[in-house]
Amino acid sequence: MRIPCPYCGPRDVGEFTYQGDATVTRPDPASTDQDGWNRYVYDRANPAGKHSEVWQHSGGCRAHLIVERDTLTHAVGAVRYARGSATKAAARPAAKAAAKKTSPRKPATRAKAGK
Amino acid sequence: MVERESPLGAAYTPGRHGVADKPGAQISEPRPGSIVEIVAWPGSEKAALAAIKGATGLTLPDRPGGGASKAGKSAFGFAPGRWLVIDQAEGLGPALRAAVDSETGTVTDLSHGRTAIRIEGVRAEWVLSKFFAIDFSVEAFPVGEGRSTAHHDIFTQIQRTGDDRFDVYVFRSFARAFWTSLCHASEEVGYEVS
Ligand SMILES: [Zn+2]
């Protein structure tokens, strides 16, 4: 199994670390909805087929990626930066075409240092 | 200036080794005085590239792995918005700290945290291919560019600085182990340590 990293190009899965289901949404940190947190932490659809997952290219550029993967065939589809369009300039040409299919997210509003 | 000690210790064995009369690879420790990591905030990548150019004179292509080498200085991208900048001389850290302001990104001086290991020669590609699952052919990995990869959890940044020459950066604490493995892997082609 190989994952085409948008920065590094196709790499062996051994360079990547699985970081979980990318379809769950974290509740508002202030939320006291116990069921909501329970769903976020524990409830998984465990689909046999197409799945959206978070992987980190831990043995490479260390970027966090959203990987579309088929859990039956291990076929890897579109791969994009988890951080969204902030790093869109740093994509290999082959990965750019795939990235277009996914909706670009707003650039991360990361605070600049000293502010 | 304090004399820096190589982490290679007794594993550094100058001379010819292996079977071939003509060494297929030369292995050396360049001991650069400065190894500095630049990280640009998202959106400030071009400003970071301009700052690197200002401090080193190196023009880096704005693409994944883009890099360049000139006059004892080298730089290459190894991750989105991140570059490793190397100078054979000391003092690059302060120069880059002055060039990269806090609105642009961060500067981390890794001079004592990374070890540079150089492998060159006609069989350098062959030897490195035994370690890393990446394409070392010059078409896929052009001169000047950088790659981030790993061998058995030894995280490695590699810059191709010539047709047959690669500069490999590893954590200092892993340097002796990696060096020893590199020498073993080079035995079949014959190698010379200098
Ligand atoms: Zn990567």
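Residues numbered from 1 in each chain as written. Chains lettered and ligands numbered in written order. Predicted model: local features only at pLDDT ≥ 70, side-chain atom pairs only at ≥ 80, totals over all residues. Heavy atoms only, no water.

Caption draft 1: Just the domain arrangement of chain B, in detail. Residues and elements named next belong to chain B. We note that the domain assignment places domain 1 (23–31 + 113–193) and domain 2 (34–109) within chain B. When each unit is reduced to the centre of its C-alpha atoms, the spacing between domain 1 and domain 2 is 22 Å. Viewed at the interface, domain 2 and domain 1 are joined by one salt bridge. Note that Arg63 and Glu145 form a salt bridge whose closest N and O atoms lie 2.8 Å from each other. For the pair domain 1 and domain 2, the number of links is seven residue pairs in polar contact (both at pLDDT 80 or more). Of all the secondary structure elements, the ones that give two or more residues to the side of domain 1 that touches domain 2 are strand E9 (146–151) and strand E10 (154–162). Here the side of domain 1 that touches domain 2 gets four residues from one element, more than from any other, and that element is E10. Its residues assigned to classes, the side of domain 1 that touches domain 2 comprises three nonpolar, six polar and four charged. (Domains from an automatic or database assignment. Salt bridge = Lys/Arg side-chain N within 4 Å of Asp/Glu carboxyl O. Polar contact = N/O pair within 3.5 Å; in protein donor to acceptor, adjacent residues only side chain to side chain. Helix = DSSP H or I, 4+ residues; strand = E, 2+ residues; numbered from the N terminus. Nonpolar A, V, L, I, M, F, W, Y, C, P; charged D, E, K, R; others polar.)

Caption draft 2: Region of interest: the sheet that holds strand E3 (residues 34–40) of chain B. All names here are of chain B. Ordered in space as E4-E5-E6-E3-E7, the five strands form an open sheet in which the pairing is antiparallel. In this open sheet, the two edge strands, each paired with only one partner strand, are strand E4 (67–70) and strand E7 (105–109). Direction aside, the axes of adjacent strands within the sheet are offset by 20° on average. Relative to strand E6 (residues 82–87), E3 runs antiparallel, the two sharing six bridges. (Pairing = 2+ DSSP bridges. Axes fitted to C-alpha atoms, helices over the stretch in contact; angles between N-to-C directions.)

Caption draft 3: Looking closely at the sheet that holds strand E4 (residues 50–56) of chain A. Residues and elements named next belong to chain A. In spatial order, the strands read E3-E4-E5-E6; together these four strands make up an open sheet with antiparallel pairing. Of all the strands in the sheet, the pair left with one neighbour each is strand E3 (17–21) and strand E6 (76–81). Strand-to-strand twist of the sheet, defined as the mean angle between neighbouring strand axes without regard to direction, takes the value 30°.

Caption draft 4: Just the confidence of the model for chain B, in detail. Summary statistics for chain B give a mean pLDDT of 96 and a share of 99% for residues scoring 70 or more. Here the prediction assigns the complex a pTM of 0.87, and the interface score ipTM is 0.93. (pLDDT = per-residue confidence, 0-100.)

Caption draft 5: View of the packing of aromatic side chains. All names here are of chain B. The full count for this structure, using the stated rule, is 13 aromatic pairs over all chains. Taken together, a centroid distance of 5.8 Å and an interplanar angle of 40° make the contact between Tyr12 and Trp179 tilted. Placement of Tyr12 in the segment before strand E1 (15–17) and of Trp179 in helix H4 (residues 172–186) is noted, with a sequence separation of 167 residues between them. The class for Trp179 is buried, based on a relative accessible area of 0%. Seen in terms of ring centroids, Phe171 and Phe174 are 6.1 Å apart; in terms of plane orientation they differ by 20°. Their pairing is stacked. (Phe/Tyr/Trp six-rings, centres within 6.5 Å; stacked < 30°, edge-to-face > 60°. Buried < 20%, exposed > 50% of the residue type's maximum accessible area, 1.4 Å probe, protein only.)

Caption draft 6: Representation of the coordination of the zinc ion. Residues and elements named next belong to chain A. Each protein donor to the zinc ion is listed here as Cys5 (SG), Cys8 (SG), His57 (ND1) and Cys61 (SG); together their distances run 2.0 to 2.5 Å. Around the zinc ion sit four donor atoms; with metal-centred angles ranging over 102 to 120°, the donor geometry is tetrahedral. Each donor residue of the zinc ion lies on one chain, and together they are spaced C-x2-C-x48-H-x3-C. Of the two residues, Cys5 sits in strand E1 (residues 2–5) while Cys61 sits in the loop between E4 and strand E5 (64–70), which places them 56 residues apart along the sequence. By the burial criterion, Cys5 is buried, and Cys61 matches it. (Donors = N, O, S within 2.8 Å, 3.2 Å for Na, K, Ca; no water. Tetrahedral: all angles 85-135°; square planar, octahedral: opposite > 155°, others 65-115°.)

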